[in-house]
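Overview (structure and organization)
For reference, the chains in residue letters:
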Amino acid sequence: MYLSPKKICTAALAFVTVIACATSASAQSEPNKADSISASATQANKKKKPAPKPDPNPSAAAKPASSSASANSTATQAQSPLTPLWSVINENYTSGGVGPLHKTQNILIVEPIIPLKLTPDWNLITRWNTPITYQPRLAEPVGPFPGIGPEFGLSNMQPQFFFTPAHPGSFTFAVGPALWLPTATDKTLGINKTGGGPVFVGLTTQGPLLAGFLAQNVWAGTTGTSLTGQRVNTLTIEPFVFYNLPEGGWFLTYRPIITADWTVNEHNRWTVPLGGGFGRVMPIGPLVFDWQVQAFYNGITPRAPGITGVGDWTALFVAHFMFPAAPVPSLF
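Rules used throughout
Residues numbered from 1 in each chain as written. Predicted model: local features only at pLDDT ≥ 70, side-chain atom pairs only at ≥ 80, totals over all residues. Heavy atoms only, no water. Helix = DSSP H or I, 4+ residues; strand = E, 2+ residues; numbered from the N terminus. Buried < 20%, exposed > 50% of the residue type's maximum accessible area, 1.4 Å probe, protein only. Contact = heavy atoms within 4.5 Å. Areas by Shrake-Rupley, 256 points an atom, 1.4 Å probe, with all protein chains shown as cover. Phe/Tyr/Trp six-rings, centres within 6.5 Å; stacked < 30°, edge-to-face > 60°. Salt bridge = Lys/Arg side-chain N within 4 Å of Asp/Glu carboxyl O. Core = buried A, V, L, I, M, F, W, Y, C linked by side-chain atoms within 4.5 Å. 1 Å grid on protein atoms, 1.4 Å probe; cavity = no way out; pocket = protein on both sides within 12 Å on 5 of 7 lines; lining within 4 Å. Points joined across faces, edges and corners; volume = space filled by probe spheres on them. Nonpolar A, V, L, I, M, F, W, Y, C, P; charged D, E, K, R; others polar. pLDDT = per-residue confidence, 0-100. Pairing = 2+ DSSP bridges. Patch = residues over 30% accessible without salt bridge, like charges linked within 9 Å, V, L, I, M, F, W, Y side chains within 5 Å. Lys, Arg positive; Asp, Glu negative; His and termini not counted.

Quick notes on the overall build of the chain
- The secondary structure content of the chain amounts to 3 helices and 15 strands.
- The burial tally for the chain puts 34% of its 332 residues in the buried class.
- By sequence separation, contacts in the chain at least 24 residues apart represent 58% of the contacts at least 6 residues apart.
- Roughly 18,500 Å² of accessible area belongs to the chain as shown, and the carbon and sulfur atoms make up 67% of that amount.

Below is the structure:
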């Protein structure tokens, strides 16, 4: 029900008029009635309860809010890719329906996070992405053709270097280079060319919500396509959203990896996963442990045939170990 200012003022005026009339009537009452009222007031004062004692711990009421704010701070530290703390992230991607034989692929990416204080105002955060890949059979042997796969080994390492402000506010960012290194142990596990490109991160924190994105494009090789294993020209966009729930360190998340392979046909160069998941951040002794589980459907765009190709669906499990007490090296 909406009360206009005019109605509020009218009600207030009526209330004041009633009080004034009651006061005037009381002042004109007979003396014996006044004595009776006085005696009643004295009796009521005797029965009045003593005033409550002041709270000896006035900060107790603020403790739940303070505890919630501390939990959110710990969670966003674990979830932000720009936190200047030592940590190790293990991301395991299992994709089903890979290749013409619809097999299952598994990629474990081990990411040591190495922080460095460059100046009082800038940090350098290095993420050394190391993919360990099981590639299933992609083609059966026919005659003298031995087939393709299965194969297990190291794929192309892709370190990222983030130059980021040391004193971020509710919004922060990072820029720097990303490298593509020729570390694949088999031609089915990667493209052994040397290259790189720019990487950018932007994120904001608003209470229990942390949201942002990482974007990079890397080039390696000069001719051919990723299908022939000769050239890399790949855009990666990683939006991330974390909503931290009030209790227990639990959170909801959406963190797909969107890719575009510019070396293949434009009709099937994009991969746009759709899904999400949940996780939990919790302290374990001197470290903070963050785990999450997500599931994605990859079929809303035509299947990418090159190096960015994945299966029909992907399951992601993350185990992140953060070491808040470990000293961060400084150049100043």
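Next, the rest of the story.
As for the packing of aromatic side chains
- In total, this model carries 10 aromatic pairs according to the counting rule given.
- Between Trp250 and Phe278 the ring centres are 6.5 Å apart and the planes differ by 40 degrees, which places this aromatic pair in the tilted class. Residue Trp250 is found in strand β10 (residues 250-254), and its partner Phe278 is found in strand β13 (residues 274-284); the two are separated by 28 residues along the sequence.
- Classification of Phe278 by relative accessible area gives partly exposed; the value is 40%.
- Taking the centre distance of 6.0 Å and the plane angle of 80 degrees together, the rings of Phe278 and Trp291 count as edge-to-face. Taken together, the residues Phe278 in strand β13 and Trp291 in strand β14 (residues 287-297) connect sequence positions 13 residues apart.
- Every member of this aromatic cluster is reached through a ring pair, and the members are Trp250, Phe278 and Trp291.

Some words on the pattern of salt bridges
- What the rule picks out here adds up to 5 salt bridges.
- The shortest N-O distance in the salt bridge between Glu238 and Arg255 comes to 2.6 Å. Remark: Arg255 occurs in the loop between β10 and β11 (258-261) and Glu238 occurs in strand β9 (residues 232-244); sequence separation between them is 17 residues.
- Here Glu238 falls in the buried class, since its relative accessible area comes to 15%.
- Between Asp312 and Arg303 there is a salt bridge, with its nearest N and O atoms 2.6 Å apart.
- Of the residues examined, Arg303 reaches a relative accessible area of 36% and is grouped as partly exposed.
- The network of salt bridges with common partners includes Glu91, Glu238 and Arg255.

With respect to the nonpolar core
- Core analysis: the largest hydrophobic core is formed by 30 residues, its most contacted members being Leu82, Phe162, Val201, Leu203, Val232, Phe240 and Val281.
- Examining the composition of this core, we find that 4 residues originate from one element, strand β8 (residues 209-220), more than from any other.
- Other than its neighbours up to four places away in sequence, Phe162 contacts Pro81, Leu82, Asn123, Leu124, Ile125, Arg127, Ala174, Val175, Val199, Val201 and Leu214.

Considering empty space enclosed by the protein
- Under the criterion given, the structure shown has 1 cavity of 30 Å³ or more.
- A volume near 270 Å³ is recorded for the largest cavity.
- Taken together, 22 residues form the lining of the largest cavity, with Ala78, Gln79, Pro81, Ile89 and Arg127 sitting closest to its centre.
- At the level of secondary structure, the elements contributing two or more residues to the lining of the largest cavity comprise α3 (63-79), β1 (86-98), β9, β14 and β15 (313-323).
- Its residues assigned to classes, the lining of the largest cavity shows 10 nonpolar, 7 polar and 5 charged.

Focus: the confidence of the model for the chain
- Overall, the predicted model of the chain reaches an average pLDDT of 85, with 79% of residues at or above 70.
- Residue range residues 1-49 is modelled with pLDDT below 50. Its contacts to residues more than four positions away, or to other chains, number 1 contact.
- Below a pLDDT of 50 lies the segment residues 58-63, which in the model reaches 1 contact outside its immediate sequence neighbourhood of four places, other chains included.

A few points about the pairing of β10
- Burial of the side chains of β10 is restricted to one face: Phe251 and Thr253 are buried, whereas none of Trp250, Leu252 and Tyr254 on the reverse face is.
- With 4 bridges connecting them, β9 and β10 associate as antiparallel partners. By the bridge assignment for β10, Asn244 is matched with Phe251.
- Hairpin remark: β9 followed by β10, antiparallel, with 5 residues in the connecting loop; positive phi at Gly248, about 75 degrees.

Section: a nonpolar patch on the surface
- On the surface, a cluster of nonpolar side chains totalling about 730 Å² of accessible area is made up of Leu209, Val241, Tyr243, Leu245, Trp250, Leu252, Phe278, Val293 and Phe317.
- Where the nonpolar patch is concerned, the elements lending two or more residues are β9 and β10.
- Following the sequence through the fold, Leu245 ends up in the loop between β9 and β10.
- Residue Leu245 is classed as partly exposed on the basis of its relative accessible area, which comes to 32%.

Concerning the side chain of Thr130
- Structurally, Thr130 can be placed in strand β3 (residues 122-135).
- Of the residues examined, Thr130 reaches a relative accessible area of 16% and is grouped as buried.
- Each residue touching Thr130, except ones within four places of it in the same chain, is listed here: Leu108, Ile109, Val110, Leu154 and Met157.

What to know about the side chain of Asp261
- Tracing the chain through its elements places Asp261 in strand β11.
- No salt bridge forms around the buried Asp261; measuring N to O, its nearest opposite-charge neighbour Arg269 is 6.7 Å away.
- Excluding anything up to four places from it in sequence, Asp261 contacts Ser226, Asn233, Arg269, Gly306, Ile307 and Thr308.

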